[in-house]
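Observations on the model geometry
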Amino acid sequence: MRIYQSWTQVLSRVLAAGLGGYAAAWALVFALGVWLPLARVSLWFLMGQILPVPLLLALLWAFAASSAARAWGWLLALAALLAGLGYLGKVLS
Amino acid sequence: MKAPTFTQSMSWLHTWSGLLFGWLLVPIFFTGTLAVFEPEISHWMRPEIRHAPAEPARALAVAEARLRQVGEGAPIWRVQMPSSRQPAVGIVWGNREQTREEVLHPVSGEVLPVRATEGGHFFTHFHAELDAGKVGRAIVCLVGLVMLAALINGIVVHKKIFQDFFTFRPQSSAQRSWLDAHNVLGVLGLPFLLLITYTGVVILVDSYLPAATYHFYDGKAGGPRGDVVRSFERRPAGVAAPLPSLAPLLQEAETVLGAGHVGWIGIRAPGDREATVQFMRHLDDRLGAVADHITFAAVSGWELGRQTEWNPVAYAFRTQVGLHLVHFGGYPAQWLYFLSGLAGTAMMAVGLVLFTIKRRKRPGHEFGAATARVYGAIESLNVATVAGVMLASAAFLWANRLLPADLAERAAWEIGAFFAVWALTLVHAGLRAPGAAWRGQLYAAGLAWALLPLCDVAGAPGLLDAMRLGVDLTALVGGLALVYLGWRVSRRFAAAAAKEAA
Amino acid sequence: MNISWLHAAASLGLAYLGMLGLCLGMARHYRQRYHHPLTPGRGRVLRLAGWSGCLLALAPCLAGWGAAQGVVLWIGLLSAAATGLVFLLAWRPPWCTRGGALAALAVLAWLGSLASGG
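Residues numbered from 1 in each chain as written. Chains lettered and ligands numbered in written order. Predicted model: local features only at pLDDT ≥ 70, side-chain atom pairs only at ≥ 80, totals over all residues. Heavy atoms only, no water.

In the nomenclature of an unreviewed UniProt entry, chain B is known as Iron-regulated membrane protein of Azospira oryzae.

Quick look at the structure:
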């Protein structure tokens, strides 16, 4: 079954899922850590429980997106947005 | 080429991630299933230990007597109390760098001459990190994430979850009946599969993506635990003071932790004026894998502190851990996990088989000129990761009985047997045609498991206790099932060959 | 024999009866077992009984393990019961209702042990 144009498309999506998803999830931890009013120990144990969800969604998105470029674009934009929110919170506090 | 629809992309992902990761998922799932009975397998692998009714006070007394003999000067002593699943007393002594351990009879206190073995822990260890340390943990976490995705896109692809809830048509075509089996095991097992995979990823996610440790604890891995578990240890004074008997402290600890509920005891700086004794509760009657504990000053007998209440977020996290480890619920829960694990393994194995069955009928030409060769390699890998890993696991147990008890590096040889046999199954699968490879390895694995009771009785004479007997009977039943499966599979291949010839 | 096995057996029995009701409440499976069509009224009764059995299966789990562990076991036993039923129905359709009788026995044994204060 061939549904993606070429193997480079497939590789690009795999990398988007892995690297893009990884970056977005990392940025999510950073942003939540800055904005959530919780002790660091509660933050750590909370992140451990919810982290599989963003990683999973990123993985599904990377293959469901209509093109590899969109898969990358949204994941990187999300990662940048979350990282930005995190830095904003850091600066404000 | 138009952009794929959602269902198409999910179906594509299910097929290819299921195939590539299935080769790791099946071994991980199968060894994880065996790991449910880690204590029982460990007990089987150390037949020098007999099941004896143990009583906590007596068990502690024999441990204490032995530690006073051999542990003189060691700053750390530990006692593992006997339980219904772990009938001997374990003692450990040493310092932070090096420890030694012994196994004692819980009543007589005799030091049991147990053979060196990794025991059932090997399966747990392989399951969690593929015998490859931190990198292995990250890989298993990634495999778990892909598995979660495969469960979700499996639902998307299957669609008719409720109409086909009870549908299994073994009398139809090979592809139809295997697909039904894959679907029905996946759908009916879905609660378990989601739970076990999600909680497994939760356990490992920090080794895959250590963002939380990096941001909140400057990368210090032990930090979170240190913030949750209170410690009542004291700095040794360097002033000698004889260690009084531990029996009264056990009694007091049991009033807090519950009679018969002490699992571990840790003694720090025994013989020092500031020595402490910590009693930890076992985990086998609650979901949350957290051990309540209480610590006493050894010399004065005063309580230094206790912890029976926990940070709720950490407790929730440890509940997910507990849900994965299934120390709770007793044998009904553990059998349920074991059978669900086998069903999950079967579901994935059938998924791998489906990939090749579909293409045997209608080749997909996905790999251009090399397609036939790639399909052959895929078949071989399927055989070795399904039947091969089952044979290798049995070989691990056989090695336990066949290797001489005093062999140097004995525990490593047992593990070597697992990997050597697994490698051989891969070679075998590569050399034989698919039908012969499946038949040969299913028969071999089936016989290896079914004959395990014989190997047990011949290799370790003496009375079988209930736990050893349980392992033997389970192996026998599982082995016979594999032999039957091998017979069915070989008939299917023969029928297909006859049809082709006609 | 540990009492918890009796709780587990009773819950598995109720779960099995429940799944059997839900299964036979579907026209295609009713025909698979009885070789004649399912009437709408009987279908409703079977499905209602089915849902009740699945719900009631929670009771022995709660009695044996309390709320937290009990719910986990309940869901697991529902899965196990349904899986067993599917394979019986596929290979030996008549046995799936005989299995129901066995399941009912397990439930009765459990009720008996409750009545005798066990």
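A tally of regular secondary structure across chain B gives 17 helices and seven strands. Taking 502 residues into account, the globule formula puts the C-alpha radius of gyration at 23 Å, and chain B, at 26 Å, falls close to it. Burial status across chain B gives 53% buried among its 502 residues. The long-range fraction of contacts in chain B, counting pairs at least 24 apart against all pairs at least 6 apart in sequence, stands at 69%. Roughly 22300 Å² of accessible area belongs to chain B as shown, and the carbon and sulfur atoms make up 63% of that amount. Of the side chains in chain B, 43 bear a positive and 37 a negative charge, and the two mean positions are spaced by 12 Å. (Helix = DSSP H or I, 4+ residues; strand = E, 2+ residues; numbered from the N terminus. Rg over C-alpha atoms; globule rule 2.2 N^0.38 Å. Buried < 20%, exposed > 50% of the residue type's maximum accessible area, 1.4 Å probe, protein only. Contact = heavy atoms within 4.5 Å. Areas by Shrake-Rupley, 256 points an atom, 1.4 Å probe, with all protein chains shown as cover. Lys, Arg positive; Asp, Glu negative; His and termini not counted. Charge placed at Lys NZ, Arg CZ, Asp CG, Glu CD.)

Here the protein chains form two pairs of chains in contact, of which the pair with the most contacts is chains A and B. Regarding chain A and chain C, the two do not touch, and the least distance separating their C-alpha atoms is 18 Å.

Attention now goes to the UniProt feature "transmembrane region" (unreviewed entry) in chain B. All names here are of chain B. UniProt marks residues 12-37, 135-157, 178-205, 335-357, 378-399, 411-431, 443-463 and 469-487 with the feature "transmembrane region" (unreviewed entry), using the numbering shown here. In the segment residues 335-357, helix accounts for 100% and strand for 0%; the C-alpha atoms at its two ends are 32 Å apart. Between the end C-alpha atoms of residues 411-431 there is a gap of 31 Å, over a span that is 100% helix and 0% strand. (UniProt positions renumbered as here; feature names shortened; annotations may be inferred.)

This part takes up the interface of chain A and chain B. With 33 residues of chain A at the interface, the matching set in chain B holds 42 residues. Together, the buried faces of chain A and chain B total about 3800 Å²; carbon and sulfur atoms form 76% of this surface. Along the contact surface separating chain A from chain B lie one salt bridge. One salt bridge in this structure joins Arg40(A) and Asp227(B), with 3.1 Å as the shortest N-O distance. Put simply, chain A and chain B have ten residue pairs in polar contact (both at pLDDT 80 or more) between them. Broken down by secondary-structure element, the contributors of at least two residues to the side of chain A that touches chain B are helix 1 (7-35), helix 2 (40-50) and helix 3 (52-64) of chain A. In terms of residue count, helix 2 of chain A provides more of the side of chain A that touches chain B than any other element does, eleven residues in total. In terms of residue class, the side of chain A that touches chain B is made up of 25 nonpolar, six polar and two charged. (Buried area = accessible area lost by both parts, 1.4 Å probe. Salt bridge = Lys/Arg side-chain N within 4 Å of Asp/Glu carboxyl O. Polar contact = N/O pair within 3.5 Å; in protein donor to acceptor, adjacent residues only side chain to side chain. Nonpolar A, V, L, I, M, F, W, Y, C, P; charged D, E, K, R; others polar.)

Bringing the nonpolar core into the picture now. Ranked by internal contacts, the top residues of the largest apolar core, which has 158 residues, are Phe166(B), Trp449(B) and Met19(C). Contacts of Met19(C), omitting those with residues within four sequence positions, involve Phe165(B), Phe166(B), Cys54(C), Leu78(C), Ala82(C) and Leu85(C). Counting residues in hydrophobic clusters, the runner-up holds 28 residues, among them Ala63(B), Leu67(B), Val79(B) and Val277(B). (Core = buried A, V, L, I, M, F, W, Y, C linked by side-chain atoms within 4.5 Å.)

With that settled, the discussion passes to the interface of chain C and chain B. By convention, interface size is frequently given as the accessible area that disappears when the constituent parts associate. Every contact between the two is made by 27 residues of chain C and, on the other side, 26 residues of chain B. When chain C packs against chain B, the two sides together hide about 2100 Å² of surface, and 74% of this comes from carbon and sulfur. On the chain C side of the contact with chain B, Trp5(C), Gln69(C) and Val86(C) bury the most area, a combined 25% of that side's loss. Summed over the shared surface of chain C and chain B, the result is one salt bridge. Two residues, Arg28(C) and Asp164(B), come together in a salt bridge whose shortest N-O distance is 3.3 Å. At the surface where chain C touches chain B, the tally comes to seven residue pairs in polar contact (both at pLDDT 80 or more). Contributing elements (two or more residues each) for the side of chain C that touches chain B: helix 1 (3-24), helix 2 (27-34) and helix 4 (58-91) of chain C.

Turning next to the pattern of salt bridges. Applying the stated criterion across every chain, the model contains 19 salt bridges over all chains. A salt bridge links Asp456(B) to Arg468(B), with the nearest nitrogen and oxygen atoms 3.0 Å apart. Here Arg468(B) lies in helix 17 (residues 466-501) and Asp456(B) lies in helix 16 (residues 452-459), a separation of twelve residues in the sequence. Just as Asp456(B) is buried, Arg468(B) falls in that class too. Because the salt bridges share partners, they merge into one network encompassing Lys160(B), Asp164(B) and Arg28(C).

This paragraph deals with the pairing of strand 3 (residues 99-104) of chain B. Regular strands show a simple pattern: their side chains alternate between the two faces of the sheet. All names here are of chain B. As judged from the six bridges shared by strand 2 (residues 89-94) and strand 3, these two strands associate in the antiparallel manner. In the strand pairing of strand 3, Gly90 is matched with Val103. With antiparallel pairing between neighbouring strands as the criterion, strand 2 and strand 3 make up a hairpin whose turn holds four residues. (Pairing = 2+ DSSP bridges.)

So, about helix 14 (residues 410-431) of chain B. Residues and elements named next belong to chain B. Relative to the 32 Å expected for 22 residues at 1.5 Å per residue, helix 14 spans 31 Å between its end C-alpha atoms, a close match to the ideal helical length. Among the residues of helix 14, those classed as buried are Arg410, Ala411, Glu414, Ile415, Ala417, Phe418, Trp422, Thr425 and Ala429. Each element contacted by the buried residues of helix 14 is listed here: helix 1 (6-35), helix 4 (121-129), helix 13 (371-402) and helix 15 (434-450). (Expected span 1.5 Å × (residues − 1).)

This next bit is on the pairing of strand 5 (residues 276-281) of chain B. Residue and element names in this part refer to chain B. One ladder, built from six bridges, connects strand 4 (residues 262-268) with strand 5; its direction is antiparallel. Bridge pairing in strand 5 links Val262 to Arg281. Pairing analysis gives five bridges linking strand 5 to strand 6 (residues 293-297), with the strands arranged antiparallel. Residue pairing in the sheet places Phe279 in a bridge with Ile294 of strand 6.

Under the criterion given, the structure shown has 34 aromatic pairs over all chains. An angle of 50° between the planes, with centres 5.8 Å apart, marks the rings of Trp44(A) and Phe317(B) as tilted. You can see Trp44(A) sitting in helix 2 and its partner Phe317(B) sitting in helix 11 (residues 312-325), one on each of two chains. Residue Trp44(A) is classed as buried on the basis of its relative accessible area, which comes to 12%. (Phe/Tyr/Trp six-rings, centres within 6.5 Å; stacked < 30°, edge-to-face > 60°.)

Take the UniProt feature "transmembrane region" (unreviewed entry) in chain A next. Residue and element names in this part refer to chain A. Under the UniProt annotation, "transmembrane region" (unreviewed entry) lies at residues 12-36, 42-64 and 71-89. Here residues 12-36 runs as 96% helix and 0% strand, with 34 Å between its end C-alpha atoms. In the segment residues 42-64, helix accounts for 96% and strand for 0%; the C-alpha atoms at its two ends are 34 Å apart.

This brings us to the side chain of Arg410(B). Residue placement: Arg410(B) occurs in helix 14. The contact partners of Arg410(B), leaving out residues within four places of it in the chain, are Arg115(B), Ala116(B), Ala399(B), Asn400(B), Leu403(B), Pro404(B) and Ala405(B).

Next up on the list: the side chain of Arg281(B). Residues and elements named next belong to chain B. Along the chain, Arg281 falls in strand 5. Residue Arg281 is classed as buried on the basis of its relative accessible area of 12%. Reaching out from Arg281, the side chain makes a polar contact with the backbone oxygen of Leu257 at a distance of 3.1 Å. Reaching out from Arg281, the side chain makes a polar contact with the side chain of Asp285 at a distance of 2.9 Å. Every residue in contact with Arg281, bar those within four places of it in the chain, is listed here: Leu257, His261, Gly263, Arg286, Ala291 and Asp292.

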